[in-house]
Amino acid sequence: MSQRVIRLAVWLALGGLALARAPGGDAHAATQGPEGYGPQETIVLQFPLLRPGDWFALSDRPEPDALVPRRIAASEVPVRHAVVPGQVYYLVTGRASQSPDQLTALPFYVPVPAQPLAAPVVVPISPGAPQFPTHFWRNALGPALTEEEFRRALQTAARLNPPRPAPPEPDRSSPPVANTPAPPPPSQPLPAPTPATSPPPPPPGPDLQAEIQSLRGDLDRLRVGLWFALIGFALGTVSVIFIAAWWFSVWVPHRKALARFEGDLERRLAGQSSAISDLNRQVQAMRQQLQAPSAVRKPGFPPSGDLPE
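Chains are numbered independently. Their residues run from 1 in the order of the written sequence. Reporting of local features is limited, given that this is a predicted model, to residues whose pLDDT is at least 70; pairs of side-chain atoms are given and counted only at 80 or more, and all residues count toward the totals for whole chains, interfaces and linings. The basis for the side-chain values is all heavy atoms of the structure; hydrogens and waters are excluded.

### Considerations on the overall build of the chain
In terms of regular secondary structure, the chain is built from five helices and seven strands. When burial is assessed residue by residue, the chain has 19% of its 309 residues classed as buried. For the chain, the proportion of contacts with a sequence separation of at least 24, taken over those separated by at least 6, is 62%. Every helix listed is a DSSP run of H or I at least four residues long, and every strand listed is a run of E at least two residues long, numbered separately from the N terminus. For each residue, the accessible area found with a 1.4 Å probe, counting protein chains only, is set against the maximum for its type, and the residue is called buried under 20%, exposed over 50%, and partly exposed in between. The contact rule is simple, with two residues in contact once any of their heavy atoms fall within 4.5 Å.

As structure tokens, this is what we get:
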């Protein structure tokens, strides 16, 4: 019985040692933060310098099938991506004018913060940047970044982005023979200069903050003026429509009816004037007949000039 217990204890010890030396054990330990940051916890990276149409890809695997760049849609701006702290990721960015063949993957290490983060981590990287800005983690995480994690990020960047060797200098120990052209130096491609990591931008000063506040005030006033202009345009449009409707539905029919009434009145007045003229002619004719001298007068009939009025 004691031998079985001893064998069981030896097997359990060997199994624990094998698990401790497993490849996934270091990654799991790296993701454990000082405050119990679990391996499934994530932080959000935000890329404010990427615009719609730029290329973007982010993955924890450097294989080509995992780093297939895609165009950024307008609804995705600002671009955000969740990552697991304590792991190495590969970022591919590029401008819209670049072809996918010209893009390169930038490896970087995500430090494990000492405390949970309430806001996304802003990554100030431009499209097509030749190197990932590792030093920005100090300002991005602040007191949540430990020196050990920052040193690990620098070591990972130096290991994944080793400096390129300088070209060998030509051998100048033996001068060339007189009247003999010196052989041309071997043509070697010039190494691309390693861009120096730029220091983090300083915080905006009081003058810049005052200018930003002034610009915001001007923008607010411009918005208010735009609203007043839109309201005035709407009122003017309604007034023009009302005047046009009143002109064609009230004023024009009124003028037509008044013209018809004046025409009828003129025709009636003309008819009455002609009737009065006929009556005057008849009266004149009757007077002429009565005033004409008669050849035969009845006895006792007064002369025509003595007719009573």
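### Description of helix α4 (residues 147-160)
Helical periodicity: at 3.6 residues per turn, an α-helix aligns residues three or four positions apart in one direction. Along its 14 residues, α4 runs 20 Å from first to last C-alpha, staying within 8% of the 20 Å computed at 1.5 Å per residue. Taken together, the buried positions of α4 are occupied by Glu 149, Phe 150, Ala 153, Thr 156 and Ala 157. Down the axis of α4, the sector holding all buried residues measures 120°, keeping them to one side. Turned more than 90 degrees off the buried face of α4, the exposed positions are Gln 155 and Arg 159. Here the buried face of α4 lies against β5 (88-94), β6 (105-109) and α3 (136-141). A helix is expected to span 1.5 Å multiplied by its residue count minus one. When we speak of the arc, we mean the arc of directions from the helix axis to the C-beta atoms.

### Some words on the pattern of salt bridges
What makes a salt bridge here is a side-chain nitrogen of Lys or Arg within 4 Å of a carboxyl oxygen of Asp or Glu, nothing more. Tallied over the full model, the rule gives eight salt bridges. Salt-bridge contacts for Asp 264 lead to Arg 267; the nearest nitrogen and oxygen are separated by 1.9 Å. Of this pair, Asp 264 and Arg 267 are both found in helix α5 (residues 206-291), three residues apart, which corresponds to roughly one turn of the helix. Since its relative accessible area comes to 56%, Arg 267 is described here as exposed. Several salt bridges converge on common partners, so that one network encompasses Glu 148, Glu 149 and Arg 152.

### Overview of the sheet that holds strand β1 (residues 43-47)
Any two strands between which DSSP finds at least two bridges are classified as paired. Read from one edge of the open sheet, three strands run β4-β1-β7, paired in mixed fashion. Of all strands in the sheet, those with a lone pairing partner are β4 (79-83) and β7 (121-122), marking the two edges.

### Looking at the sheet that holds strand β3 (residues 70-71)
Strands sit in the order β3-β2-β5-β6 across an open sheet of four strands; the sheet is antiparallel. A single partner strand is all that each edge strand has here, and the edge strands are β3 and β6. With two bridges connecting them, strand β2 (residues 55-59) and β3 associate as antiparallel partners. Residue pairing for β3: Phe 56 is matched across the bridge by Arg 70. Angles shown run from 0 to 180 degrees and are taken between the N-to-C directions of axes, each axis being a line fitted to C-alpha atoms and, for helices, limited to the stretch in contact. Across the sheet, α4 lies against β5 and β6, angled at about 150° from β6, the strand it touches most.

### Remarks on the packing of aromatic side chains
Between 30 and 60 degrees the pair is tilted, below 30 it is stacked and above 60 it is edge-to-face, where a pair is any two Phe, Tyr or Trp rings, Trp via its six-membered ring, whose centres lie within 6.5 Å. Enumeration over the complete set of coordinates arrives at seven aromatic pairs. A network of ring pairs unites the aromatic residues Tyr 89, Phe 108, Phe 132, Phe 136 and Trp 137 as a single cluster. Note on criteria: charge over ring means Lys NZ or Arg CZ within 6 Å of the ring centre, with the direction from the centre no more than 35 degrees off the ring normal. Sitting over the ring of Phe 150, Arg 138 keeps its end group 4.0 Å from the ring centre.

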